[in-house]
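Here's the letter readout for the chains.
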Amino acid sequence: MSDTNRREFLQRTGQAACAVALGSTAIVLGRRACAGDSWAIAPNKCINIRLGVTGADKVCEACATSCVLPLSAVRAVNEHSLCGRCCICPAYFDVRSSMGPDGLPTKKVCPRDAIKRTVIGDVDANDPLNNFYEYTIDEELCNGCGRCVMECKDPAGLGSIRLEVRYDRCLHCNQCTIATHCPEDAYTRVGPQPRPAIALEGEAG
Amino acid sequence: MNAGRSSNCRDRGVSADHERKFGAIVTLLTHCFVISVLAVAMLVLGESTAYAKVDYSRPVNAAPKQQDIGKTYQVPPVQRVPPRSLWIYGLDVLLLAVGLVVAALVAHRWRRRWMAVAISIFSIAYFGFYRQGCVCPVGSVQNVTASFVDSSLAVPLVVLLFFLLPLIAALFVGRVFCGGLCPLGAIQDIVVLRPVQLPPAVDHWGGKFKYVYLVLAIWFAAQPAATRDFVICRFDPFIGFFRLNGTAWLLSIGAAFLLVGTVVGRPYCRFLCPYGGLLAIVARFSFWPVRITPDEELDCGLCAESCPFGAVKNLRADRMTCLACTRCFAHCPRQQYQWGDIELIEVEQLVEAHREKSLATSKPAASTPV
Amino acid sequence: MKLRHIQTLSGKGERPEQFHVRLAGVAVDSENCVLAVGDREVKRFNPDGRFDTSFPTPDAGWSVAAEGESIWVGMQGKISHFDRQGKLLNTIDDASRLGMVSGLAVKGSVLVAADTTHRTIHSYHDAIWQREIGREANTRGFMIPNGVLDISLEAASDTFLVAHSQKHRVERYRLTGELVDKFGRFGAENPADFGGCCNPTNVSALPAGFIAVSEKAPPLLKVYTADGKFVSQMVGVFDLNAKNIDLAADRRGRLYATDPVRCTIEVFEQQATST
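Quantities reported herein were computed from a predicted structural model and do not represent experimental measurements.

Conventions used here
Residues numbered from 1 in each chain as written. Chains lettered and ligands numbered in written order. Predicted model: local features only at pLDDT ≥ 70, side-chain atom pairs only at ≥ 80, totals over all residues. Heavy atoms only, no water. Pairing = 2+ DSSP bridges. Helix = DSSP H or I, 4+ residues; strand = E, 2+ residues; numbered from the N terminus. Axes fitted to C-alpha atoms, helices over the stretch in contact; angles between N-to-C directions. Phe/Tyr/Trp six-rings, centres within 6.5 Å; stacked < 30°, edge-to-face > 60°. Buried < 20%, exposed > 50% of the residue type's maximum accessible area, 1.4 Å probe, protein only. Lys NZ or Arg CZ within 6 Å of the ring centre and 35° of its normal. Salt bridge = Lys/Arg side-chain N within 4 Å of Asp/Glu carboxyl O. Patch = residues over 30% accessible without salt bridge, like charges linked within 9 Å, V, L, I, M, F, W, Y side chains within 5 Å. Areas by Shrake-Rupley, 256 points an atom, 1.4 Å probe, with all protein chains shown as cover. Parallel < 35°, antiparallel > 145°, perpendicular 65-115°, else oblique. Contact = heavy atoms within 4.5 Å. Nonpolar A, V, L, I, M, F, W, Y, C, P; charged D, E, K, R; others polar. Domains from an automatic or database assignment. Core = buried A, V, L, I, M, F, W, Y, C linked by side-chain atoms within 4.5 Å. Buried area = accessible area lost by both parts, 1.4 Å probe. Polar contact = N/O pair within 3.5 Å; in protein donor to acceptor, adjacent residues only side chain to side chain.

Peer 1: I'd like a rundown of the sheet that holds strand β12 (residues 120–125) of chain C, residues and numbers included.
Peer 2: Residues and elements named next belong to chain C. Spatial strand order, β10-β11-β12-β13: 4 strands in an open sheet with antiparallel pairing. Lying at the two open borders of the sheet, with one neighbouring strand each, are β10 (101–107) and β13 (128–133). For this sheet the average axis-to-axis angle between neighbouring strands, irrespective of direction, equals 25 degrees. Across 5 bridges, the pairing between β12 and β13 is antiparallel. Across the sheet, residue His-122 finds its bridge partner in β13, namely Glu-132.

Peer 1: I'd like a rundown of the packing of aromatic side chains, residues and numbers included.
Peer 2: Scanning all chains against the criterion turns up 26 aromatic pairs over all chains. Aromatic pair Phe-45 of chain C and Phe-51 of chain C: ring centres 5.8 Å apart, planes at 65 degrees, arrangement edge-to-face. For Phe-51 of chain C, a relative accessible area of 27% puts it in the partly exposed group. Relative to Tyr-173 of chain C, the ring of Phe-142 of chain C lies with its centre 6.2 Å away and its plane at 75 degrees, an arrangement referred to as edge-to-face. Of this pair, Phe-142 of chain C sits in the loop between β13 and β14 (150–154) while Tyr-173 of chain C sits in strand β16 (residues 169–174), and the two are 31 residues apart along the sequence. Judged by relative accessible area, which is 1%, Phe-142 of chain C ranks as buried. On the accessibility criterion, Tyr-173 of chain C (1% relative accessible area) is buried. What links up through ring pairs into an aromatic cluster is the set Phe-122, Tyr-126, Phe-127, Tyr-130 and Phe-162 of chain B. Lying over the aromatic face of Trp-339 of chain B, Arg-112 of chain B brings its terminal NZ or CZ to 4.0 Å of the ring centre. Taking NZ or CZ as reference, Lys-43 of chain C lies 5.2 Å from the ring centre of Phe-19 of chain C, over its face.

Peer 1: Account for the pattern of salt bridges, naming residues and giving values.
Peer 2: Where side chains of opposite charge bring their charged atoms close, a pairing between them can arise. Taken as a whole and judged by the stated rule, the model has 45 salt bridges over all chains. Two residues, Glu-164 of chain A and Arg-162 of chain A, come together in a salt bridge whose shortest N-O distance is 3.7 Å. As a salt-bridge pair, Arg-334 of chain B and Asp-295 of chain B come within 2.9 Å of each other at their nearest N and O atoms. Separated by 39 residues along the polypeptide, Arg-334 of chain B in helix α18 (residues 333–339) and Asp-295 of chain B in the loop between α17 (274–283) and β1 (312–313) bring together distant segments of the chain.

Peer 1: Help me get a handle on a nonpolar patch on the surface, residues and values and all.
Peer 2: Residues and elements named next belong to chain B. The grouping of Val-212, Leu-216, Trp-219 and Phe-220 at the surface amounts to a nonpolar patch, some 400 Å² of accessible area in total. Mapped onto the secondary structure, Leu-216 falls in helix α12 (residues 209–221). Accessibility expressed as a relative area gives 42% for Leu-216, which makes it partly exposed.

Peer 1: Residues and numbers for the packing of helix α5 (residues 86–110) of chain B against helix α8 (residues 157–173) of chain B, please.
Peer 2: All names here are of chain B. Following both chains from N to C, one finds α5 and α8 inclined at 10 degrees, their axes separated by 10 Å at the closest point. As summarised for this structure, α5 and α8 are arranged roughly parallel, according to the angle between their axes. The residues of α8 that touch α5, namely those facing Tyr-89, Asp-92, Val-93, Leu-96, Ala-97, Leu-100, Ala-104 and His-108, are Val-158, Leu-161, Phe-162, Leu-165, Pro-166, Ala-169 and Val-173. Partitioning the contact of α5 with α8 into residue classes produces 13 nonpolar, 1 polar and 1 charged.

Peer 1: Outline the pairing of strand β5 (residues 161–165) of chain A, supporting the account with residue identities and numerical values.
Peer 2: Most of β5 of chain A is tucked away: 5 of the 5 residues are buried. Taking every second residue as pointing to the same face, both faces of β5 of chain A are buried, with Ile-161, Leu-163 and Val-165 of chain A on one and Arg-162 and Glu-164 of chain A on the other.

Peer 1: Which residues make up the domain arrangement of chain A, and what values go with them?
Peer 2: Taken domain by domain, chain A consists of domain 1 (1–35) and domain 2 (39–192). Look at where the C-alpha atoms of domain 1 of chain A and domain 2 of chain A centre, and you get two points 52 Å apart.

Peer 1: Outline the packing of helix α7 (residues 137–149) of chain B against α17 of chain B, listing residues and values.
Peer 2: Residues and elements named next belong to chain B. Packing of α7 against α17 leaves a shortest axis separation of 7 Å and a crossing angle of 85 degrees. With respect to α17, the element α7 is oriented roughly perpendicular. Along its contact with α7, which presents Pro-137, Val-138 and Val-141, the element α17 presents Pro-274, Tyr-275 and Leu-278. Among the residues making up the contact of α7 with α17, the classes are represented as 6 nonpolar, no polar and no charged.

Peer 1: Give me the lowdown on the sheet that holds strand β6 (residues 63–67) of chain C, citing residues and values where you can.
Peer 2: Two orientations exist for strands paired in a sheet by backbone hydrogen bonds: parallel and antiparallel. Residues and elements named next belong to chain C. Within the open sheet, the 4 strands sit side by side as β6-β7-β8-β9. Their pairing is antiparallel. A strand with exactly one partner marks an edge of an open sheet, and here the two such strands are β6 and β9 (88–93). Shown here is a sheet whose adjacent strand axes are inclined to one another by a mean of 20 degrees, direction ignored. Two strands pair when backbone bridges link them, and β6 and strand β7 (residues 70–74) are joined in this way by 5 bridges, in the antiparallel orientation.

Peer 1: If you had to explain the nonpolar core to someone new, which residues and values would you point to?
Peer 2: The biggest cluster of nonpolar side chains holds 85 residues, and the ones touching the most others in it are Val-138, Leu-160, Val-176, Phe-177, Tyr-268 and Tyr-275 of chain B. When residues of this core are assigned to their parent elements, the largest contribution, 15 residues, is made by α8 of chain B. Residues within four places of Val-138 of chain B in sequence aside, it is in contact with Cys-182, Leu-184, Ile-232, Cys-273, Pro-274 and Tyr-275 of chain B. With 48 residues, the next largest nonpolar core counts Val-95, Ala-114, Tyr-133 and Val-190 of chain A among its residues.

Peer 1: Help me get a handle on the environment of Pro-166 of chain B, residues and values and all.
Peer 2: Residues and elements named next belong to chain B. Relative to the helices and strands, Pro-166 resides in helix α8. Using a relative accessible area of 1% as the deciding quantity, one classes Pro-166 as buried. Not counting the four nearest positions on each side in its chain, Pro-166 is found in contact with Leu-96, Leu-100, Pro-137, Leu-161, Phe-177, Tyr-275 and Leu-279.

Peer 1: I'd like to hear about the interface of chain C and chain B, residue by residue, with values.
Peer 2: How big an interface is tends to be stated in terms of the accessible area lost upon association of its parts. Taken together, the 7 residues of chain C in the interface contact 6 residues of chain B. Summed over both partners, the interface of chain C with chain B comes to about 490 Å²; 49% of that surface belongs to carbon and sulfur atoms. Its largest share of buried area at the contact with chain B, chain C owes to Arg-119, Arg-140 and Gly-147 of chain C, together 54% of the area lost on that side. Where chain C touches chain B, the interface holds 1 salt bridge. Linking chain C with chain B are 1 residue pair in polar contact (both at pLDDT 80 or more), by the criterion used here. Its residues placed into classes, the side of chain C that touches chain B shows 2 nonpolar, 2 polar and 3 charged.

Peer 1: Please provide a residue-by-residue account of unusual backbone geometry, values included.
Peer 2: The omega angle of the peptide bond from Cys-134 of chain B to Val-135 of chain B is -5 degrees, so this bond is cis rather than trans. Here Val-135 of chain B shows up in the loop between α6 (113–130) and α7. Here the residue pair Asn-199 of chain C and Pro-200 of chain C is connected by a cis peptide bond, since its omega of 0 degrees sits within 30 degrees of zero. Inspection of the secondary structure assignment puts Pro-200 of chain C in the loop between β17 (179–183) and β18 (202–206). Positive phi, normally seen in glycine, also occurs at Ala-127 of chain C, with a value near 65 degrees. Not every positive phi belongs to a glycine, and Ala-208 of chain C is a case in point at roughly 70 degrees. Its place among the elements puts Ala-208 of chain C in the loop between β18 and β19 (210–215).

Peer 1: Before we move on, could you go through the pairing of strand β4 (residues 132–137) of chain A and cite the residues and values that matter?
Peer 2: Residue and element names in this part refer to chain A. Of all 6 residues that make up β4, 6 are buried, and the element is covered over most of its length. Looking at chain direction, strand β3 (residues 115–120) and β4 are connected through 6 bridges and run antiparallel. Note that in β4 the partner of Lys-116 across the bridge is Thr-136.

Right under this line is the structure:
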């Protein structure tokens, strides 16, 4: 075999090997590849959402601190249809703080002051406790630390606040750092079109 | 002209064997077809995630109703962001695929440097700043490895395609992905100001580091889930710029790379990039490697100094190290002639002048030891 | 006066005295037997805490009350009347008006039912609806984000107590519907005040002119005098996630408190203190 022929043979063999390697990678992994890469937080696994552990001092901040984004792709969302609209919301006020002259606690739970409290409906000006209040979370401020989620859930609250993934912010990284750091594997890949977070309740994810 | 093109190879006998080449291309095209059909099928079918029911009891619903609250209060809609649509996922892949085709055309047909710069700027803007470096083919090596090792881990189709497409392109037309489509390469490419030629030994042995890094990255990605680590992503020196955040030490390493990159062209790509290592292996066997001259090879050596990455070896673009940046094309007298910048007679003069000059410089050099 | 934990009844399980999933309310009958409603049945325990018998309820019961030979169980939209043997005598089926009945107080022919769904209190006379109670004092109904409105009869004075959780107070109404008085306010530092979002959740009148209330998050019991002076508190017996701890007192001075998480009934004894 001449030198030219040998080089030609090696070249052909290399090309075939590369083609086979790429093709088989595509076939082996393509078979079980998932179409999309959306992530969701399984409510029954997340320490901050699931029932059982309570108290903002026990909060798991992995979603706020692990995300590669400066402002995490996770934020808290208040499911208004479930919100009790309490006057002294344990997720808004730090109910353990001292009471101010208005009869309300002086400190707030949110370290970034991302929760807005507005009185709604027919307002009773004389008795603040006789009113309903709406709590909305400012997406631009919330970093998903989960303190309000921890305080809102049973038994203190009604569990209307949850942590959700902001799909518009999520970068769909090769490796999600929140998922890596999640102590309970609650941060899971759920496919391209995840159902609303409330539909995930009671599911292992 | 045609005769000139086919005679570019030194071994005329090899390039004449069109039939066998054609057969191999057909095989490859079949592979590509299978891949794309598979990809489309996956996108259409979507993912069927199996959910298992577990006990989760919501506390008593004591939320006040709309009529309790009074006036015309309406329960506001819950803030919710719709998931990224499949089209936007598809857009990433489409832009990558189109970008590869354009980069291949630029490297093989259009051959203009400004086009490669335009691709770089687009890549920095879209894949870099807009998509903030995710998904990137460089990191996808780890996803693919982890998915191979852990059968329960599904690799997202987008990541799989991002992994495969540049490699397929490399097999056909060389490392055109590196040319400017890679945001990490592009950010280094635009800071190449006064490149110096490194000694070939440094290039040769320094280039081996990327294979070491590749093996390390595969090793870490192949670990069981608890200890698995994606080191390429973790130690990505440039991602901090795209995301406008990051740890100080990584940002400073990135800045150092860019600073060194002004004189030593693309240090990360040449010496460290693990995916570059993979691309180099595949590009070693590419069907149509990047050629410096558009037609007839003159063996003049006018291009030898033009490559900032030390990829011109033996008067040819080295298949493994050529990053398809298109810088050398402008130095080729045949190219200049084709563009109409010079007359045919000037080509001869240029080549002759260079030959005399190199003889003049090499003679004293050869005589020094004596 | 202080409370001392002396006994635990029932629990979660399959044994006859245990509840499968749910324990909602507790009451004490005239013979100091304990009646507990949960799952879809009422269980009776002897005064010494031994399991006696159980009988089924037509629906999931949310509250129970006993008077003389009668046992009343509040459910969604209806209130059933049983005799001591568990025989269903009759049912007030008033689904159009009644929501979830989470509190009952019966004296003679008067029956007062706390309706959690509509956040109001209905009064019945011989099973015929009379009026809503508390609308004058609380213009928007009772504010109960905890999901339970609990009441307790004060037999001697023909009054009953309401735990109005969001307003952090205990209200006292006559059986005829007038507000007599109220006590309590929000506060985190003084144990006499009610902390958290919505406390107290449940209330029970104790013999000898005391009132016991339960709180959630953290779960605890507090004892007040009949006019609202703080006496003592009891912490640490219940599951930390317990809420809506229903209370009932017998004539011997024992207090029964449910732990809805563990499905247990905790028994407390009153201990006189020198102060």
